[in-house]
Structure formats: C-alpha cells, structure tokens
Amino acid sequence: MTIQTINTTPYDDQKPGTSGLRKRVKVYQQENYVENYLQAIFDSLEDFQGKTLVIGGDGRFYNDVAIQTAIRMAAANGFGKVIVGQEGLLSTPAASHLIRHYKAFGGLVLSASHNPGGPDGDFGIKYNIGNGGPAPEKITDAVFARSKVIESYKIANERDVELGRLGIQNSAGMIVEVVDPVADYAALMETLFDFPAIEALFASGFRMTFDAMHAITGPYAHAILEGRLGAPVGTVVNGKPLPDFGGGHPDPNLVYCKDMFDLLMTPEGPDFGAASDGDGDRNLIIGKNRFVTPSDSLALLAANAHLAPGYKGGIAGIARSMPTSAAADRVAEKLGIEMHETPTGWKFFGNLLDAGRVTICGEESAGTGSSHVREKDGLWAVLLWLNIVAVRKQSVDEIVREHWATYGRNYYTRHDYEEVDAGIASGLVDDLRAKLPGLVGQNFGDDLQVAYADDFTYHDPVDGSTSAKQGIRIGFTDGSRIVLRLSGTGTVGATLRLYLENYEAADGRHDLETQSALEELIELADQLSGLKQRTGRQEPSVIT
Ligand code: G16
C-alpha cells in the first residue's frame with residue numbers, strides 16, 4: 001500500500017450551489033474532477049486526522065466509482081475511519097443521522113437530489129459537518145477558493161472496498177465499516193413516532209401508496225412502512241433503487257407524480273399517497289381529494305407535532321425559507337414560539353436547530369424536517385403525517401380544512417422557468433432589483449399596495465453572519481407576496497423561480513382553484529419583471 005500525491009490542474013467551475021456541487025455526470029467524469037473537488041474539501045477542513053467520515057449516496061449512476069475514490073482519498077488524507085452504507089447507499093437524512101449518532105467528523109453525501117440520473121443525468125457531492133448538516137457558506141466558499149488553485153491530490157493505491165459486505169474492512173490502514181443503511185435510521189423513527197397507533201391505523205384498513213421513484217427511499221419505506229408498521233406489501237411502489245431511477249425524474253411533485261395524484265382524486269383510490277425524491281429528503285403528501293402544499297404541510301406538521309411522542313413537550317420554534325408561504329408564521333404566533341425566515345438552503349437552519357431555537361423547519365421545495373437530524377427528511381414527514389392522521393382519526397382533507405378554518409389559507413404557487421439563458425435570467429433579476437426602491441407605496445389593480453420591496457438579506461441570529469442577495473421580495477399590505485430568485489441547484493443554464501402567495505382569512509373563501517386565486521399576482525409579476533417577453537416563454541416549465 002502506498003499513498004500517492006498526484007499532480008492535477010484546477011477546474012474553474014467547482015462552486016458549490018444551494019446544496020453541494022451538482023453537475024452533469026459527464027462533467028464529473030472528466031479527468032481528476034472528483035479528485036480535485038474532494039481534495040479541495042479536505043484541504044478546507046482542519047483537525048480531522050484519525051477521525052470518522054460517513055460516506056453514502058442515493059445509488060445514482062457514478063456513485064460506486066466516486067465512493068471508491070472518496071474512500072481511497074479519505075485514507076490518504078488521514079481519516080481514521082469511514083462508515084459507508086451497504087452498496088454505497090444512504091439517504092441524505094440517514095447520512096445526517098449517522099454523522100450525529102456516531103459523532104463523526106463529517107460526511108460526504110453523493111447525490112444530485114431530485115435531478116435525473118444515469119450517464120446523461122446529473123451527479124453531485126456535498127460535504128456535511130459534524131452536526132450532520134450541510135456545510136455552511138464559510139466552508140463552501142473555502143472549498144471553491146481552494147478548487148481554483150489546487151495542484152495535487154492524495155490517494156491511497158488500494159483495491160476497492162467490498163461495498164456489499166457488511167462489517168469491518170481496511171483501506172490503507174484506515175478502518176472501513178460497511179453498515180446497513182436502514183437500521184439506525186429506522187430505530188430513530190421509532191423513538192419519534194407512535195408506531196402502535198400507526199400500526200392500528202393500517203390494521204383498520206387505511207390504505208396508502210408510497211412511490212419511492214426507484215430512488216433511495218425504497219429500502220427505508222419497505223422496512224418501516226411494510227416491515228414494522230404492517231402496511232400491506234405493495235404499499236411501496238418503485239421500491240428498488242436504480243442507477244438511472246428507471247429512466248424517471250425522481251422529483252416528488254404534481255408533474256412527476258401525476259398518476260398518483262390522479263389516483264388519489266378517485267373514489268376508489270387509497271386514503272393517503274406520498275413520495276420522496278432521489279436522495280430521500282423531499283416529500284409529497286396527498287390525501288384523498290386533497291394535495292397538501294409543502295408550505296401548508298409545514299404549518300400543519302408544526303401545529304400538530306405534539307401528537308407524536310418525540311414532540312409531545314411542544315416545539316421550540318419554526319423556521320422556513322424566505323420563499324415558503326407564511327402559513328407557518330400564523331401557527332408560531334398562536335403557539336407563542338419563535339419564527340425565523342431564512343434564505344433558501346437547508347444549511348441556513350443548522351445554527352437555529354443547534355441553538356435549540358427551532359424544532360421544525362420547512363421549505364416550499366417539498367422539504368420538511370426537525371431537530372432529529374440536520375437535513376430535511378422525506379420519510380419523517382410521511383410518518384409524522386401518518387401519526388397525526390392516526391391520532392386525530394380524521395382524513396387529510398378534514399385536517400387541512402380545519403387548519404384553514406382556524407388560521408386562514410395562504411394560497412401559494414411556484415412557477416419555474418427552466419434552462420433559461422443565464423445572461424437573460426440574471427439581467428432580468430438585476431433590472432427588477434433596480435426597480436425595487438421605486439415600488440414601495442405604489443398601487444396596482446384594485447387593492448394591491450406595495451408595503452416593501454427588497455432583495456432579501458439574512459442576518460443569522462446565532463453566529464451574526466450575513467447573507468445578502470437571497471431573492472427579490474415584493475410584499476403587499478394585504479399579506480400577498482411576489483418572490484423571484486434564481487435557483488442554485490440547476491445544472492444547465494439558469495432556472496428562474498417565481499413564487500406567489502396571497503392570504504384568505506379564517507372566515508374567507510378556501511375553495512378557490514390555486515392558479516385562479518393568484519391570477520392577479522401572476523400577471524403583475526410578469527408586468528414588473530418582463531418574464532415572458534424576456535425569456536421568450538409563454539408558460540412556466542413546471543408549476544407546483
Ligand atoms: C436543495 C436545498 C433546499 C432548497 C432546494 C431548492 O434541496 O437543500 O434547501 O430549497 O435545493 O433550491 P433552489 O431553489 O436553489 O433550486 P435538494 O432537495 O435539491 O437537495
């Protein structure tokens with residue numbers, strides 16, 4: 001065994017986005033691309049000699065190659081131990097749990113989340129710190145800076161680790177432990193939720209369908225829903241992780257899960273439908289005749305969390321990303337707990353969770369989670385919903401309607417314009433930003449008056465750091481909002497995200513069709529930004 005130092009030349013595009021470095025597989029397959037990025041990560045960390053690194057991914061194409069490289073490089077750089085999921089598999093929340101549970105120094109999560117996989121799809125690498133959460137900007141900025149000047153990387157000249165064999169192996173003197181990817185995570189879920197109540201729910205004939213989208217949650221959902229909770233075999237569909245996700249797009253939204261949505265809207269459909277994404281951190285919740293928006297889901301889970309044993313003492317506070325609707329704010333107000341608005345990106349919740357200031361966090365991008373790990377967690381959200389349904393003995397639709405009757409309804413939609421020319425997209429955002437100061441106080445239509453218009457800046461109340469330019473917000477006096485920002489997770493061109501929200505009070509009308517309820521705001525957003533004309537698009541690529 002020898003440790004080699006290999007000369008390399010830097011790439012200039014290894015800037016981590018909202019969640020790690022996501023690129024086309026073909027970009028990652030370039031000579032030393034993975035090696036450069038991993039060495040830039042290791043060079044940006046301190047005092048990890050002899051310590052433990054967790055490694056796992058969502059099973060997508062190129063995971064196996066990158067994991068072997070990561071293990072050899074971890075050994076060469078001085079880690080004492082690597083914990084890796086069997087076959088290289090770990091959902092993102094399970095990786096976060098293992099880092100915390102085994103007090104590891106950090107972890108590498110290999111995934112491009114909900115982006116398609118396969119040789120022509122996407123790949124990604126994300127570094128998580130010792131609290132189990134995504135590295136903060138201080139580290140990701142250092143990684144990018146290092147990647148631009150890197151001259152060499154260290155790698156052990158070792159044979160492949162047998163990823164199928166559970167137990168201890170050795171790589172260049174470093175211990176490698178291959179673990180069951182599900183066991184520790186499933187045990188954690190059992191401490192949080194009322195498993196006997198959910199078991200009784202299934203025993204009473206409650207029917208559910210869970211679409212694992214041939215991505216990472218298959219093994220977890222089979223083991224927990226069918227194995228431990230007694231849901232009938234067949235409840236979990238597309239449960240085998242495949243390197244190309246079976247050719248599908250593992251994004252659990254109403255576009256890619258349309259068949260499930262349609263099924264849930266029929267009388268003979270099941271009572272509950274759910275799905276998770278490529279790496280298992282996102283969730284989709286559909287009750288019979290009721291799709292629950294991620295923003296509403298956050299509010300509902302926060303309002304009802306005390307029904308689950310893990311949260312029976314109540315929650316400390318709630319955090320949501322800025323573009324997420326303000327539905328959760330009303331719950332926090334009623335509960336008299338802290339409410340925080342952060343930039344998009346789960347990494348911004350880490351400090352608040354670590355400081356015990358919030359317990360539940362969520363984002364409009366189909367992510368909800370809690371202090372149990374430091375990532376959003378798809379199956380956790382599904383289990384909390386099941387727990388609530390089991391205890392309240394009501395349908396999802398009834399629970400949602402009662403919530404609106406208590407708190408009012410935040411109508412909400414997101415329009416995505418994908419693969420827009422990057423120059424056009426950034427020009428559009430810059431021009432709108434320049435208009436903002438002049439908008440305050442202006443009236444539009446019959447009843448829209450601009451209360452504030454800014455580019456969101458976040459001041460982290462825990463470490464005092466500031467993150468500027470996090471998205472344009474135009475807020476109106478009646479609580480309506482238009483938000484526009486550039487996605488940080490796309491891999492081709494730019495994705496413009498337009499978020500629209502208005503509020504209908506508790507005694508207001510809650511049965512409008514969402515796009516119609518938001519029509520005036522949609523038109524105004526186009527008028528102010530010139531979105532359609534400048535992008536040449538008549539319709540968004542995806543509406544959620
Ligand atoms: C990641 C982040 C989320 C973010 C989402 C969308 O999720 O972890 O915090 O909301 O991307 O980000 P953007 O709007 O910049 O594309 P995931 O599930 O892709 O890892």
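Residues numbered from 1 in each chain as written. Predicted model: local features only at pLDDT ≥ 70, side-chain atom pairs only at ≥ 80, totals over all residues. Heavy atoms only, no water.

### Concerning the packing of helix H2 (residues 33-43) against helix H3 (residues 63-77)
Consideration 1: In the contact formed by H2 and H3, the axes pass within 11 Å of each other and the chain directions differ by 40°. Between H2 and H3, the angle falls in the class oblique. As H2 runs across H3, the sense of the crossing is right-handed. Counting all contacts with H2, which are made through Val34, Glu35, Leu38, Gln39 and Phe42, the residues of H3 involved are Thr69, Ala70, Met73, Ala74 and Asn77.
Consideration 2: Its residues placed into classes, the contact of H2 with H3 shows 6 nonpolar, 3 polar and 1 charged. (Axes fitted to C-alpha atoms, helices over the stretch in contact; angles between N-to-C directions. Helix = DSSP H or I, 4+ residues; strand = E, 2+ residues; numbered from the N terminus. Parallel < 35°, antiparallel > 145°, perpendicular 65-115°, else oblique. Left-handed = near helix turned anticlockwise from the far one by under 90°. Contact = heavy atoms within 4.5 Å. Nonpolar A, V, L, I, M, F, W, Y, C, P; charged D, E, K, R; others polar.)

### Focus on the domain arrangement of the protein chain
Quite often, the size of an interface is put as the accessible area lost when its parts meet.
Consideration 1: Taken domain by domain, the protein chain comprises domain 1 (3-180), domain 2 (185-407) and domain 3 (409-543).
Consideration 2: Just the C-alpha atoms count here: the centres of domain 2 and domain 3 sit 26 Å apart.
Consideration 3: Listed per partner, the contact involves 29 residues of domain 2 and 25 residues of domain 3.
Consideration 4: Buried surface at the junction of domain 2 and domain 3, summed over both partners, amounts to about 2,300 Å²; 54% is from carbon and sulfur atoms.
Consideration 5: Considering only the side of domain 2, the residues that lose the most area to domain 3 are Met322, Asn351 and Trp404, jointly responsible for 26% of the buried surface there.
Consideration 6: Among the ionic pairs, Arg414 bridges to Glu364, the shortest N-O distance being 2.8 Å.
Consideration 7: Between domain 2 and domain 3 we count 11 residue pairs in polar contact (both at pLDDT 80 or more) in total.
Consideration 8: Counting residues per element, the ones that place at least two in the side of domain 2 that touches domain 3 are helix H10 (294-304), helix H11 (327-335), strand E16 (338-342), helix H12 (350-354) and helix H14 (396-407).
Consideration 9: For the side of domain 2 that touches domain 3, the element with the most residues is H14, which contributes 5 residues. (Domains from an automatic or database assignment. Buried area = accessible area lost by both parts, 1.4 Å probe. Salt bridge = Lys/Arg side-chain N within 4 Å of Asp/Glu carboxyl O. Polar contact = N/O pair within 3.5 Å; in protein donor to acceptor, adjacent residues only side chain to side chain.)

### Observations concerning the pairing of strand E25 (residues 481-486)
Consideration 1: With 5 of its 6 residues buried, E25 lies for the most part within the structure.
Consideration 2: In this sheet, E25 lies alongside strand E24 (residues 472-476) in antiparallel orientation, the contact comprising 4 bridges. The partner of Ile474 across the bridge, within E25, is Ile482.
Consideration 3: Between E24 and E25, which pair antiparallel in sequence order, lie 4 residues; one of them, Gly479, sits at a positive phi of approximately 95°.
Consideration 4: Where E25 lies against strand E26 (residues 494-504), 6 bridges are found, and the strand directions are antiparallel. From the neighbouring strand, Leu486 faces E26, where its bridge partner is Leu496. (Buried < 20%, exposed > 50% of the residue type's maximum accessible area, 1.4 Å probe, protein only. Pairing = 2+ DSSP bridges.)

### Topic: the layout of surface pockets
Consideration 1: Size it by volume and the second largest pocket reaches roughly 940 Å³.
Consideration 2: Lining the second largest pocket are 38 residues, and of these Gly17, Thr18, Leu486, Ser487 and Gly488 sit closest to its centre.
Consideration 3: Of all the elements in the fold, those that place two or more residues in the lining of the second largest pocket are strand E2 (21-24), helix H5 (137-147), helix H15 (422-439), E25 and E26. (1 Å grid on protein atoms, 1.4 Å probe; cavity = no way out; pocket = protein on both sides within 12 Å on 5 of 7 lines; lining within 4 Å. Points joined across faces, edges and corners; volume = space filled by probe spheres on them.)

### Looking at the packing of aromatic side chains
Consideration 1: Inspection of every chain in the model, using the stated rule, returns 15 aromatic pairs.
Consideration 2: Aromatic side chains Tyr28 and Tyr33 sit 5.3 Å apart centroid to centroid with 80° between the ring planes, which places their arrangement in the edge-to-face category. Each of the two residues, Tyr28 as well as Tyr33, counts as buried.
Consideration 3: When the ring of Tyr185 is compared with that of Tyr220, the centres are 5.5 Å apart and the planes differ by 90°; the resulting orientation is edge-to-face. Placement of Tyr185 in helix H6 (residues 183-192) and of Tyr220 in helix H8 (residues 217-228) is noted, with a sequence separation of 35 residues between them.
Consideration 4: Judged by its relative accessible area of 2%, Tyr185 falls in the buried class. (Phe/Tyr/Trp six-rings, centres within 6.5 Å; stacked < 30°, edge-to-face > 60°.)

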